[in-house]
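Take a look at the letters that make up each chain.
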Amino acid sequence: MTAHTRMGRPREFDPEDALDAAVEVFWTQGFDATSLRDLLGAMELSKSSFYQTYGSKGELYLQCIDRYRNRVADRMRQDLERAASARAFIEDVFRALTRNLDAENGRRPCLVMNDSGDVERREAAVTRRMQRGAEQFEAVFRAAVERAQREGDVPPEKDPDALARYLMSSRSGLLAVRKAGASTATLRDIVEVTLSALDA
């Protein structure tokens, strides 16, 4: 079930704010390391309100993946709209992954990447959401490539669909090697090779 009151009782909290708080907990700790107590504390809920609204920790986690995925995709679309050029947008998406690598600066891996070791037990449901996320990010990159072609920054003979898939998969790969501890220099090398695919 989606987040709603299961027994028809009125809520005394904002379920969207509570969901955002849960995203932060799962994003920081991962699924297995997050306890019900952690969630109740962050979401400021009683146990009964938690179960009435979200059903279970597993159901909540899937809702958090959806919320996180939509939030990232929406931010990317907004950044593309505001960018001086589509090529600059693409370059910034990738170069941002080489900056602020330490936890003190708040740079964390993708929510699902952070939980990759826990995926097997929820494989089908999580995989479906990962696929939807990939489709959303690919669509943003496709729009960026097509705009960059109109702006003369990507050769017109390049296939926008193929480039979008390549950029989406490269972003995922960068997140993975970054999580594994790759150095800034290594990440920058990967980014430059990735961006070279946009050239003639």
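Student: Requested: an account of the environment of L80, with residues and values cited.
Tutor: Counting through the fold element by element, L80 comes out in helix α4 (residues 57–82). Overall, L80 belongs to the buried group, its relative accessible area being 9%. Here the alpha-carbon distance between L80 and I90, two residues ten residues apart in the chain, equals 8.3 Å. Residues contacting L80, with those up to four places away along its chain left out, are A86, F89, V140, A143, A144 and R147.

Student: Describe the packing of aromatic side chains, with residues and values.
Tutor: On inspection of all chains with the given rule, the structure shows seven aromatic pairs. Ring centres of F26 and Y61 lie 5.0 Å apart, and the angle between their planes is 80°; this geometry places the pair in the edge-to-face category. Here Y61 lies in helix α4 and F26 lies in helix α1 (residues 15–29), a separation of 35 residues in the sequence. The exposure class assigned to F26 is buried, which follows from its relative accessible area of 0%. With a relative accessible area of 0%, Y61 lands in the buried category. Between F31 and Y61 the ring centres are 5.1 Å apart and the planes differ by 65°, which places this aromatic pair in the edge-to-face class.

Student: Account for the pattern of salt bridges, naming residues and giving values.
Tutor: Scanning all chains against the criterion turns up 16 salt bridges. With its nearest N and O atoms 2.6 Å apart, the salt bridge here joins D161 to R142. Within this pair, whereas D161 is found in helix α8 (residues 160–179), its partner R142 is found in helix α7 (residues 123–150), the two being separated by 19 residues in sequence. We classify R142 as partly exposed; its relative accessible area is 24%. Taking the shortest distance from any N to any O, the salt bridge between E151 and R147 comes out at 2.7 Å. One network of salt bridges, in which partners are shared, links E16, D20, E24, R67 and R71.

Student: Before we move on, can you summarise the packing of α7 against α8 with the specific residues and values?
Tutor: Helix-helix packing: each pair is described by the crossing angle between the helix axes and the interaxial distance. As a packed pair, α7 and α8 sit with axes 8 Å apart at the nearest point and diverge in direction by 130°. The pairing of α7 with α8 is recorded here as oblique in orientation. Crossing geometry of α7 relative to α8 is assigned as right-handed. Residue-level contacts link A134, F137, E138, F141, R142, V145, E146 and Q149 of α7 to P160, D161, L163, A164, R165, L167, M168 and R171 of α8. Of the residues belonging to the contact of α7 with α8, the class tally is nine nonpolar, one polar and six charged.

Student: Please provide a residue-by-residue account of the nonpolar core, values included.
Tutor: The biggest cluster of nonpolar side chains holds 54 residues, and the ones touching the most others in it are M43, L60, F89, I90 and F94. Contributions of two or more residues to this core are made by α1, α2 (36–43), α3 (47–54), α4, α5 (86–95), α7, α8 and α9 (184–195). Among residues more than four places away in sequence, those in contact with L60 are L19, A22, F26, L39, M43, F50 and Y54.

Student: So what's going on with unusual backbone geometry? Residues and values would help.
Tutor: Positive phi outside glycine occurs at E44, with the angle close to 55°. Overall, the relative accessible area of 70% leaves E44 in the exposed class.

Student: Now, about α8: what can you tell me, with residues and values included?
Tutor: In an α-helix, one full turn covers 3.6 residues, which means residues spaced three or four apart are oriented alike. For α8, built from 20 residues, the straight-helix expectation of 28 Å at 1.5 Å per residue is met to within 8% by its first-to-last C-alpha distance of 28 Å. Inspection of α8 places P160, L163, A164, L167, M168, S170, R171, L174, L175 and R178 among the buried residues, and these make up the whole buried set. Down the axis, α8 shows its buried residues gathered within 165° of arc, on one side only. For α8, the capping residue at the N-terminal end is D159, with a side-chain oxygen 2.9 Å from the backbone nitrogen of D161.

The rules behind the values
- Residues numbered from 1 in each chain as written.
- Predicted model: local features only at pLDDT ≥ 70, side-chain atom pairs only at ≥ 80, totals over all residues.
- Heavy atoms only, no water.
- Helix = DSSP H or I, 4+ residues; strand = E, 2+ residues; numbered from the N terminus.
- Buried < 20%, exposed > 50% of the residue type's maximum accessible area, 1.4 Å probe, protein only.
- Contact = heavy atoms within 4.5 Å.
- Phe/Tyr/Trp six-rings, centres within 6.5 Å; stacked < 30°, edge-to-face > 60°.
- Salt bridge = Lys/Arg side-chain N within 4 Å of Asp/Glu carboxyl O.
- Axes fitted to C-alpha atoms, helices over the stretch in contact; angles between N-to-C directions.
- Parallel < 35°, antiparallel > 145°, perpendicular 65-115°, else oblique.
- Left-handed = near helix turned anticlockwise from the far one by under 90°.
- Nonpolar A, V, L, I, M, F, W, Y, C, P; charged D, E, K, R; others polar.
- Core = buried A, V, L, I, M, F, W, Y, C linked by side-chain atoms within 4.5 Å.
- Expected span 1.5 Å × (residues − 1).
- Arc of directions from axis to C-beta.
- Polar contact = N/O pair within 3.5 Å; in protein donor to acceptor, adjacent residues only side chain to side chain.

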